[in-house]
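So you can see what is in the structure, the chains are spelled out below.
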Amino acid sequence: MNTAAISSGAHLLIVDDNPSHMTALSHTLMDSGYRVTAVSAASEALTLMKQQSFDLMLTDLKMPEMDGITLLRHAQELDHHLVGIVMTGHAAIDTAIEAMKAGALDYVLKPFKLSTIAPVLARALEVRRLRVEITQLQGQLKDQVIELEAANKELETFSYSVSHDLRAPLRAISGLSNVLVESYAPQMPNEAQQLLTRILSSAERMGQLIEHLLRFAQLSRQALNKRPIHIASMVQEVLDELSKDIVNQNVHVDLGELPDAVGDALLLRQVVVNLLSNAFKFTRNNSEPQVSIGCQHQDGECIYFVKDNGAGFDMRYASGLFKVFHRLHRNDEFEGTGVGLSLVQRIIQRHGGRIWAEAEVGKGAVFHFTLPSPNEGSVREQSTSGA
């Protein structure tokens, strides 16, 4: 520890009712680079502390007006960053220990040399520096919490605006367009009918975007209801619901081992629905579509996966895979809003897991993700920047 660097600029308050000892100590410490203010009475010390700031108080333990323990208590009420050290004789070590219990950081025995007291002062000033930094960090954290709360309120306002202000004109566009189709389509030229069909299709797509965006915004505020989940049963239920797609596309589904996990059943079900729906969607142009769901054990961790032999994607663009509204395929190739995988990633991260993908164009893709297992004693909810 560089005591010279620590002493530079540090302001010490010495309190000692022995004038000769106080003067000698003051000169010694000033010669070592400290700024020193010395007084002979506790009341003087407290008065000075109300007028200016000190880094450290070095006080005699036994004084007639007020003992060092009481002085330190009053001093730290005025400045909770202040570090206190008591000076005492060999006969009063027990009392010095009591002083440390009352808030003193350390004690030194009289008579002492500079080589003895210098390391004690250096340690004490380092403690003060840490106290000040902690207070500053706590203040910054408080400011960030306030900013986060304000951002959440803005998000709630935005969600309300989307759900009410944007849906109303969208419903009007869809409704009036349907009236035109039902009542006037036979009177319209083919080109006008095609344009009207495109309007209806775009309105429907915008409605899906709004729904998915709302779901993504609400997910950050939704509390997790964690409990043990039988993943195999959940996957089978989703497959049963998607059976129409499976039959129509003649998809071969391979269901492997799926260990239980811990999490919010409704949210994790959304993960399964999104990943399996994507797998079926991107394999529909394959003459022999295959989808595999299972788990691999690696380094004591269960890694779930959903694999398909569909369109795949170029791994050069994988960094944007989980970004909101970011899509790797054109809408005329495969429909979608670009929100589903963002939802999946956010859900997995909130459960303390990870998700990543591997793919090759024309050869399919595999999505891997991890979840806490039931035998984990504590499941911590994670929060990411950019939620």
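Scroll up a little and you will see the structure.
Small disclaimer: the values here were computed from a predicted structure and weren't measured.

Draft legend 1. Spatial organisation of the nonpolar core. Counting 41 residues, the largest nonpolar core has L276 and Y304 as the members making the most contacts within it. Those elements giving two or more residues to this core turn out to be α8 (231-241), α10 (265-282), β9 (290-298), β10 (301-308), α11 (340-350), β11 (355-360) and β12 (364-370). Ignoring any residue separated from it by four or fewer positions in sequence, one finds L276 in contact with V235, V238, L239, L242, V291, I293 and V306. If you look at the next biggest cluster of nonpolar residues, it comprises 21 residues, including V39, M57, M63 and A104.

Draft legend 2. Broad picture of the pairing of strand β1 (residues 11-15). Counting buried positions along β1 gives five out of five residues, so the element sits mostly inside the fold. Neither face of β1 is left uncovered, since the one carrying H11, L13 and V15 and the one carrying L12 and I14 both have all their residues buried. Direction of pairing for β1 relative to strand β2 (residues 35-39): parallel, over a ladder of five bridges. Residue pairing in the sheet places L12 in a bridge with V36 of β2. Note on the crossover from β1 through helix α2 (residues 19-31) to β2: the handedness is right-handed. Here β1 runs beside strand β3 (residues 56-60); their pairing, made up of four bridges, is parallel. Residue pairing for β3: I14 is matched across the bridge by L58.

Draft legend 3. Representation of the sheet that holds β2 in the model. Spatially, five strands are ordered β2-β1-β3-β4-β5 in an open sheet, and the strand pairing comes out parallel. The open sheet terminates on both sides in strands that have one partner only, identified here as β2 and β5 (106-109). Averaged over all pairs of adjacent strands, the angle between strand axes in this sheet comes to 20°, irrespective of strand direction. Strand contacts of α2: β1, β2, β3 and β4 (83-88), with the helix running at about 175° to β2, the strand carrying the most contacts.

Draft legend 4. Fine view of the state of the cysteines. The final tally for this structure, using the stated rule, is one disulfide. One disulfide bridge connects C295 with C302, the sulfur atoms lying 2.4 Å from each other.

Draft legend 5. Summary view of the sheet that holds β9. Taken together, five strands build an open sheet; the order of strands is β7-β9-β10-β12-β11 and the sheet is mixed. One side of each edge strand has no neighbouring strand; the edge strands of this open sheet are β7 (252-255) and β11. Between one strand axis and the next, the sheet turns through 20° on average, direction left out of account. By the bridge criterion, six bridges tie β11 to β12 in an arrangement that is antiparallel. Looking at the pairing, A359 lines up with A365 of β12.

Rules used in this analysis
Residues numbered from 1 in each chain as written. Predicted model: local features only at pLDDT ≥ 70, side-chain atom pairs only at ≥ 80, totals over all residues. Heavy atoms only, no water. Core = buried A, V, L, I, M, F, W, Y, C linked by side-chain atoms within 4.5 Å. Buried < 20%, exposed > 50% of the residue type's maximum accessible area, 1.4 Å probe, protein only. Helix = DSSP H or I, 4+ residues; strand = E, 2+ residues; numbered from the N terminus. Contact = heavy atoms within 4.5 Å. Pairing = 2+ DSSP bridges. Right-handed = clockwise from strand over helix to strand, strands pointing away. Axes fitted to C-alpha atoms, helices over the stretch in contact; angles between N-to-C directions. Disulfide = S-S within 2.5 Å.

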